[in-house]
Amino acid sequence: MTGFWSSIVLATAPGAAGTPSPSGPPTDSPAAPVTLDEAAERAGNAAGWVEENWSSWLNTGLRILLILVVALVLRMLVRRALTKLIDRMNRSAQAVEGTALGGLLVNAERRRQRSEAIGSVLRSIASFLILGTAGLMILGAFKINLAPLLASAGVAGVAIGFGARNLVTDFLSGVFMIMEDQYGVGDSVDAGVATGEVVEVGLRVTKLRGDDGEIWYVRNGEIKRIGNLSQGWATATVDVTVRPTEDLDKVRSVIGGVAAELAKSEPWNEQLWGPVETLGLTEVLLDQMTIRVAGKTMPGKALSVERELRWRIKRAFDAEGIRIVGGLPVPEADGAAADPSASMAAPSALASPTSPQSLATAPIPPAPPNLQK
C-alpha cells in the first residue's frame, strides 16, 4: 500500500518524468522525489486551510445572497407601490372627468402624463438608491475598503456635475415643473423664449407648437418664467369705441342685452363662467369714448368669446342706430346749404393795374436827358 501511494505522489509531483513542468512541455529530467510524509503534510495543510475558511466563505456567500434577495424584493415592492399610487391617481382623475368639477381640474390625459412622469422619476430614484446601497454592502462583505472608492466617486461626481451642469439644471427644472404642475400638454403658455401650445413635457425639453405651426424645443433650464394661459380661468375683454355724443345709458342697455343673450345661447353658456359686465369708460376724448366690456370664461376660450361678443355688439349697435368711430358720417337734416363761394379765394388788389397797390409796384421811369447831365 505504501508503494502505491509513493508511485502516485511521484507521478503527480511537479517536474516528474512525463508530466508538464511549469516552464514548458514535459521533460525527462529527474526531480527530487516527494515522500509520503511530505504529501500527507501538504494535504493536511490544504484540508486544514479549507476547514478553517469554509465557514467564512459560507457566511460571506449567504450574506451576499441575503443582500441581493432583500434588495430585489424591496425594489419590487417599492415599484409596485408606486405603480398602484399612480393608477389610483389616474382613476380619481377619470372619475371627475366630464363633471362640473372636472372642468376646474386638469383633464385626465394631462394628469395621466404628469403622474406617469412623476412615477418614472420616483421609480428610477428608488431603484438607484436600493441597488446602489446593495452594491456597497456586497463590496463591504468582501472586506473591500470603501473609503477610496467613495472618495473617487465623489470627485467624479463633482467633475461630472461641473461638466454637465446645464444637463443637470434642465433635469432638475423639469422634475420641479412636473411635480408642481406648472403646465401640461394642451396648455397655451408664454415661456419667454417661445409662445404656443404645449405638445410634450419632458424632463429635459418642453415642446411648444407656435401660432404658425412651428415646433419650439425649449430646454427646461432656460425657462426663467412661465405664463400659463390655460389654468384656472380666463378673461374676455372687449373695448367698444363710440362717438362722444351717444347716450351712455342706451349704450349700456344695448350691451347688457347682448350679454344676456350670449349667456343663454349654445355653446357660449358653457364657456362663460360669469356674467359679461360693462366696466365703464376707459377713455374719453373730444372725438370718441371707449367703453370696456369683460367676462370670465373657460381657460383658452377667451379669444373665441371676444370675437362672438364683438360680432353681436356690432349688429345690436347697427339695429339701434348707435354709430361707432370710423362709421359713415350722418348728414344734418335741418342744416343750411353750403355757400359755393365759400371755398373761393378773395380777389387780389394787384389784379387791377390802376389800383394804388399796382401803381406802387410799377418801375420808376428813367429821368429826362437834360437832367442826366
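Preceding this paragraph is the structure being described.
Definitions and limits used
Per chain, residues are indexed from 1 in the order of the written sequence. Given that this is a predicted model, residues contribute local features only at a pLDDT of at least 70 and side-chain atom pairs are listed and counted only at 80 or more, while totals for whole chains, interfaces and linings are drawn from all residues. Only hydrogens and water are set aside; all other atoms, that is, all heavy atoms of the structure, feed into the side-chain values. Only DSSP runs of H or I with at least four residues qualify as helices, and only runs of E with at least two residues qualify as strands; both kinds are numbered from the N terminus onward. Relative accessibility decides the category of a residue: with a 1.4 Å probe and only protein chains considered, values under 20% of the type maximum give buried, values over 50% give exposed, and everything between is partly exposed. Two residues qualify as a contact provided that any one of their heavy atoms is within 4.5 Å of a heavy atom in the partner residue. Accessible surface is estimated by sampling points in the Shrake-Rupley manner with a 1.4 Å probe; for residues, cover comes only from the protein chains shown. To count toward a patch, a residue needs a relative accessible area over 30% and no salt bridge; like charges are then connected within 9 Å, while nonpolar side chains (Val, Leu, Ile, Met, Phe, Trp, Tyr) are connected within 5 Å. Take a side-chain nitrogen of Lys or Arg and a carboxyl oxygen of Asp or Glu: if they are within 4 Å of each other, that pair is a salt bridge. In this charge count, Lys and Arg are treated as positive and Asp and Glu as negative; neither His nor the chain ends contribute. Think of each charge as sitting on NZ of Lys, CZ of Arg, CG of Asp or CD of Glu. The pairing criterion is simple: DSSP has to find at least two bridges between the two strands. As a rule, the C-alpha atoms of each element are fitted with a line to give its axis, helices using only the stretch in contact, and angles between N-to-C directions run from 0 to 180 degrees. Angular relationships are summarised with four words: roughly parallel below 35 degrees, roughly antiparallel beyond 145, roughly perpendicular across 65 to 115, and oblique for the angles in between. Handedness of a helix crossing follows the sense of rotation of the near helix relative to the far helix, less than a right angle counterclockwise being left-handed and clockwise being right-handed. All amino acids are sorted into three groups, where Ala, Val, Leu, Ile, Met, Phe, Trp, Tyr, Cys and Pro are nonpolar, Asp, Glu, Lys and Arg are charged, and the leftover types, Gly among them, are polar. Each Phe, Tyr or Trp ring (for Trp, its six-membered ring) is paired with any other whose centre lies within 6.5 Å, and the angle between the two planes then decides the class: stacked below 30 degrees, edge-to-face above 60, tilted in between. Placement of a charge over a ring requires the Lys NZ or Arg CZ to be within 6 Å of the ring centre, with the centre-to-atom vector within 35 degrees of the ring normal.

A few words now on the overall build of the protein. On a plain count of helices and strands, the protein comes out with eleven helices and eight strands. In the protein, which comprises 373 residues, the proportion classed as buried is 25%. Look at the contacts in the protein between residues 6 or more apart in sequence, and 61% of them connect residues 24 or more apart. Of the roughly 25,500 Å² that the protein leaves accessible, carbon and sulfur atoms contribute 62%.

A contiguous patch of positive charge on the surface is contributed by Arg80, Lys84, Arg88 and Arg91. Relative to the helices and strands, Arg80 is located in helix H2 (residues 36-95).

Bringing the sheet that holds strand S8 (residues 289-297) into the picture now. One open sheet accounts for three strands, arranged S6-S8-S7; its pairing is antiparallel. One side of each edge strand has no neighbouring strand; the edge strands of this open sheet are strand S6 (234-242) and strand S7 (277-284). Direction aside, the axes of adjacent strands within the sheet are offset by 25° on average. Direction of pairing for S6 relative to S8: antiparallel, over a ladder of nine bridges. Pairing of Ala234 across the sheet is with Thr297, part of S8. Relative to S8, helix H7 (residues 248-264) is tilted by about 25°, and along the sheet it contacts S7 and S8.

This next bit is on the packing of H7 against helix H9 (residues 302-320). Interhelical geometry of H7 versus H9 gives an angle of 135° and a closest axis separation of 10 Å. One element, H7, and the other, H9, form an angle in the oblique class. Taken as a pair, H7 and H9 cross one another with a handedness that is right-handed. Along the contact surface, H7 presents Lys250, Val251, Val254, Ile255, Val258, Glu261 and Leu262, while H9 presents Glu308, Leu309, Arg312, Ile313, Ala316, Phe317 and Glu320. The class makeup of the residues in the contact of H7 with H9 is nine nonpolar, no polar and five charged.

This part is about the pattern of salt bridges. Scanning the model with the defined rule gives ten salt bridges in all. Between Lys207 and Glu200 there is a salt bridge; the shortest N-O distance is 3.2 Å. Residue class for Lys207 comes out partly exposed when judged on its relative accessible area of 25%. Measuring nitrogen to oxygen at the nearest pair gives 2.8 Å for the salt bridge that ties Arg292 to Asp239. With Arg292 in strand S8 and Asp239 in strand S6, the pair connects residues that are 53 residues apart, well separated along the chain. The exposure class of Arg292 is partly exposed, given its relative accessible area of 31%. Overlapping salt bridges, with partners in common, bring together Asp170, Arg219 and Glu222 in one network.

In this section: the packing of aromatic side chains. Centre-to-centre distance and the angle between the planes together describe a pair of aromatic rings. Enumeration over the complete set of coordinates arrives at zero aromatic pairs. Lying across the ring of Trp233, Lys296 places its NZ or CZ 4.3 Å from the centre.

Here five strands make up an open sheet; going across it, the order is S4-S3-S2-S1-S5 and the pairing antiparallel. Two strands bound the open sheet, and with one partner strand each, they are strand S4 (215-219) and strand S5 (227-228). For strand S1 (residues 188-190) and S5, the ladder comprises two bridges, and the chain directions are antiparallel. When the sheet's bridge partners are listed, Val189 is paired in S5 with Asn228.

On the surface, Trp54, Trp57, Leu58, Leu62, Leu65, Val69, Val73, Met76 and Leu77 cluster together to form a nonpolar patch covering roughly 890 Å² of accessible area. Along the chain, Met76 falls in helix H2. Overall, Met76 belongs to the partly exposed group, its relative accessible area being 42%.

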